[in-house]
Amino acid sequence: MRKILCSLTLFAAVGLLAPAVTATAQTTGDSHSRFEAGKGTFLLDGQPLVIKAAELHYPRIPKPYWDNRIKLCKALGMNAVCLYVFWNQHEPRPGEFDFTGQNDLAEFCRLCQANDMYVILRPGPYVCAEWEMGGLPWWLLKKKDIRLREADPYFMERVALFEQAVAGQVAQLTIDNGGPILMVQVENEYGSYGENKEYISQIRDIVRAGFGDITLFQCDWSSNFTLNGLDDLLWTMNFGTGANIDQQFERLKELRPDSPLMCSEFWSGWFDKWGANHETRPAEDMIAGIDEMLSKGISFSLYMTHGGTNWGHWAGANSPGFAPDVTSYDYDAPISESGQTTPKYWQLRKTLSGYMYGKKLPAVPATIKSVAVPTFNFTEVAPLFSNLPEAKHDHDIRTMEDYDQGFGSILYRTTLPGLSTPSLLTVNEAHDYAQVFIDGKYIGKIDRRNGEKQLLLPACAKGATLDILVEAMGRINFGRAIKDYKGITQNVQVSVDIDGRAFTCDLKDWEVYNIEDAYENYQNMTFQPLTSLTTDDGQRLPGCYRATFNVSKPGDTFLNFETWGKGLVYVNGHAMGRIWEIGPQQTLYMPGCWLKKGENEILVFDVIGPRETKSEGLKEPLLDQLLVKKPLTHRKEGQTLDISDEKAVYHGSFQPGNGWQEVNFDTPVTGRYICLEALNAQDGGEVASVAEMYLLDENGVRLSREPWTVDYADSEDVSRVNCSADKLFDLQESTYWSTAKGAPYPHAVVIDLGATHTLTGLQYLPRMESEVPGGIKEFKVYVKQETFKY
Ligand code: GLA
């Protein structure tokens, strides 16, 4: 690596650091190095190497800023960059590969090398990463029976082609070939998806075919890595700040005492979801974890060191349930979304300065200063309903993918039978945000986030036009629910009253309008001067809004959308991301490198319609302004659980300490509602906390938690980090339910399993920190067919 020749062209545009480097790092041919897993340590040319990697995702950073962000990581004390390759970004249509511009993976790797940084490559094919469908391309869903992330022949065929294309770009940049790439990851955290060594072996072989004799590794959680761990791959662990590090590596050390240890994702912060609190994680926990790992010679990758932005429609969504992610991927990382050094950065830099292994800590490069843009008004609108594309006619309703549409909105139109009384409309299911109109009049919305499926229609005459406008958000990126179709997925029904008898009728014969999310589509709409913000009867106006604004000196800024509804923003043709009035994110990061001196064009496609058509550029982002009306906690006003008449099916105590514990009930018990009552804490404190919980069925097998909902929780700490009770079945071991300070024991949570089950036991995971905050000691379990008395 040291012997690599680079030619750097530095030039400054409009006073920014952009576009900093055109790196043409070349290999000299005599610079081959050997990286391998040695006894208890990584070895580079036979010398021990501790990897201090910064996770950065090049598609989330404007290309002109790549060099600046890599330099910031280097100056933090890192020696490597760990990155995902998002398949759907590189292959938007089957066989159409794009590795140019913002997608230039090889250029990014060369830039890392030019900055004396190694690269850890994670080419999926699945990556998670809060990215649309976990990186898988939506068009895979056109094959209805496809089995994603399994040895499905079509899936594997497409994976092989993609991995081949990736290898075609960067296989010559491995360390053996004189490049920066140290090792390559095989799949991603498969343990939280299933158990399938056959599939993992096939992915390994595909990656091996592309990259030859390079170190390949698998990452997973300490609780599940053995499920899919292949004998010939290196195993690394993922866990978040605060976790008990010795305990995280305990099992690995037992199984492979000589393995080098690496935390391949040490979560610096967390991601934000629409309609939920902004997430932060304390700097002290992150620093203490890194310090401890380095003092023990453990390698790590800090996920994220700089999160960046989910431009355009690329933000994913989480499950169980449907929790779409916001546009900002700030992640509360040491380097903020816009590349600013945070207090976390400086504290971490101080710690890392003690682990430079003889190298000098470089100076911190200048960061890009933000500018304010004065308020500007939108002057033109292209109302959506007068700008619809040509309709397709369909007897049955079908999904977006069936119409070869990947992203954006879709309008389904049909006529209604006569409704003599208000009638119930059922949409199975609207993915993801549906608005219902009759004869152009807004009736209401169906929001998948809240599990909504029904709406009351007013009485109306036969032949009235029913419009269902469905906006797709990101496809789910985690768990089994990644097979996430958009539009309306099954059917639409309306209950009608004929001669006093109720009938349910399936609505058929649809006109379908595909409103694909593409700049050209919005640009080609017919705009008119903006005179009124509402229709004649006062309803908000969905459509595309256009303005120009002037910038005297381009710089980074944060465009404010506090007065807008919900939609997508484009500036000078760049897809900036999603906006939604509910928050918590209210501004979009606007990199100065994509602004022009003078006039700039902005388009906002707002599916709800703005309350005021103005915007401005702020110097600071608004990422923490939640405007949801729905309470963040599950306990309804005045509710108090009364279990005085109930008989517990189990009464016992959990053990102190970290890790999973299992209890088996004396006899199987059947019911739909389960109450876990925590009687006291291991540490004698007032807080109860559960990271994850599973129930075991009659065969002792974990029950699917997909249909679970929280019926009641006596207390939930939603003040800072969101610790609501649904976190105990969100598939994430690093997030947890925690009761709030000031609420004493006993604590209780009631879960609706969605259906009746026979239960034989439960599995409990306390928090991962070594002190096990909120660890429960004595507890009781109650199971009932009907819900509990509140
Ligand atoms: C896991 C995944 C990452 C990311 C993080 C959460 O570790 O591997 O891709 O989704 O969770 O941010």
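Just above sits the structure.
Residues numbered from 1 in each chain as written. Predicted model: local features only at pLDDT ≥ 70, side-chain atom pairs only at ≥ 80, totals over all residues. Heavy atoms only, no water.

A.B. asks: Where do I start with the packing of helix α4 (residues 153-170) against helix α5 (residues 197-211) in this structure?
C.D. replies: Between two packed helices, both the angle of their axes relative to each other and the distance between the axes serve to describe the pair. α5 packs onto α4 with a crossing angle of 30° between their chain directions and a minimal axis gap of 8 Å. Considering the angle they form, α4 stands roughly parallel to α5. Along this stretch, α4 crosses α5, giving a crossing that reads as right-handed. Each of Phe155, Met156, Val159, Ala160, Glu163, Val166, Ala167 and Val170 in α4 lies in contact with α5, whose residues at this interface are Tyr199, Gln202, Ile203, Ile206, Gly210 and Phe211. Of the residues contributing to the contact of α4 with α5, the split by class is 11 nonpolar, 2 polar and 1 charged. (Axes fitted to C-alpha atoms, helices over the stretch in contact; angles between N-to-C directions. Helix = DSSP H or I, 4+ residues; strand = E, 2+ residues; numbered from the N terminus. Parallel < 35°, antiparallel > 145°, perpendicular 65-115°, else oblique. Left-handed = near helix turned anticlockwise from the far one by under 90°. Contact = heavy atoms within 4.5 Å. Nonpolar A, V, L, I, M, F, W, Y, C, P; charged D, E, K, R; others polar.)

A.B. asks: How should I be thinking about the nonpolar core in this particular structure?
C.D. replies: What tends to happen in soluble globular proteins is that the nonpolar side chains get buried as a cluster. In terms of nonpolar packing, the biggest core is built from 137 residues, with Leu105, Leu148, Phe155, Val170, Phe211 and Ile602 touching the most fellow members. The element contributing the most residues to this core is α4, with 8 residues. Leave out the neighbours within four places in its chain, and Leu148 touches Met133, Leu136, Leu140, Leu141, Phe155, Tyr193, Ile482 and Lys483. Counting residues in hydrophobic clusters, the runner-up holds 32 residues, among them Val663, Val690, Trp737 and Ile751. (Core = buried A, V, L, I, M, F, W, Y, C linked by side-chain atoms within 4.5 Å. Buried < 20%, exposed > 50% of the residue type's maximum accessible area, 1.4 Å probe, protein only.)

A.B. asks: What should I look at first to understand the environment of Phe503 in this one?
C.D. replies: Looking at the secondary structure, you find Phe503 in strand β24 (residues 501-506). For the pair Phe503 and Gln493, spaced 10 residues apart in the sequence, the C-alpha separation amounts to 10.0 Å. Aside from chain neighbours lying at most four places away, what touches Phe503 is Val494, Ser495, Val496 and Ile498.

A.B. asks: Can you walk me through the pattern of salt bridges in this structure?
C.D. replies: Proximity of charged atoms lets side chains of opposite charge pair with each other. For the coordinates displayed, the defined rule picks out 47 salt bridges. One salt bridge in this structure joins Arg122 and Glu265, with 3.0 Å as the shortest N-O distance. Residue Arg122 is found in strand β6 (residues 118-122), and its partner Glu265 is found in strand β10 (residues 262-267); the two are separated by 143 residues along the sequence. By relative accessible area, which is 1% here, Arg122 ends up buried. (Salt bridge = Lys/Arg side-chain N within 4 Å of Asp/Glu carboxyl O.)

A.B. asks: Hey, could you run me through the pairing of strand β27 (residues 543-551) in this one?
C.D. replies: Within a regular strand, the side chains alternate between the two sheet faces. In terms of residue burial, β27 counts as a mostly covered element, since 7 of its 9 residues are buried. Where strand β15 (residues 380-383) and β27 come together, 4 bridges link them in antiparallel fashion. The residue of β27 that forms the bridge with Val381 is Tyr545. Both β27 and strand β32 (residues 598-606) contribute to a ladder of 9 bridges, which runs antiparallel. Looking at the pairing, Cys544 lines up with Phe605 of β32. (Pairing = 2+ DSSP bridges.)

A.B. asks: Before we go on, may I ask you to explain the packing of aromatic side chains in this structure?
C.D. replies: Both the distance between ring centres and the angle between the ring planes are used here to describe each pair of aromatic rings. Following the criterion strictly, the structure yields 48 aromatic pairs and no others. Seen from their ring centres, Trp314 and Phe407 are 5.4 Å apart, and the 65° between their planes marks the pair as edge-to-face. Linking Trp314 in the loop between β11 (299-303) and β12 (317-318) with Phe407 in the loop between β16 (392-394) and β17 (408-415), this pair joins segments that are 93 residues apart in sequence. Each of the two residues, Trp314 as well as Phe407, counts as buried. Where Tyr345 meets Trp346, the ring centres are 5.4 Å apart and the plane angle is 75°; that geometry is what we call edge-to-face. A residue is classified by how much of its surface remains accessible, and Tyr345, at 0% relative accessible area, is buried. Among the aromatic residues, ring-to-ring pairing joins Tyr84, Phe86, Trp131, Trp267, Trp270, Phe271, Tyr303, Trp314, Tyr329, Tyr331 and Phe407 into one connected group. (Phe/Tyr/Trp six-rings, centres within 6.5 Å; stacked < 30°, edge-to-face > 60°.)

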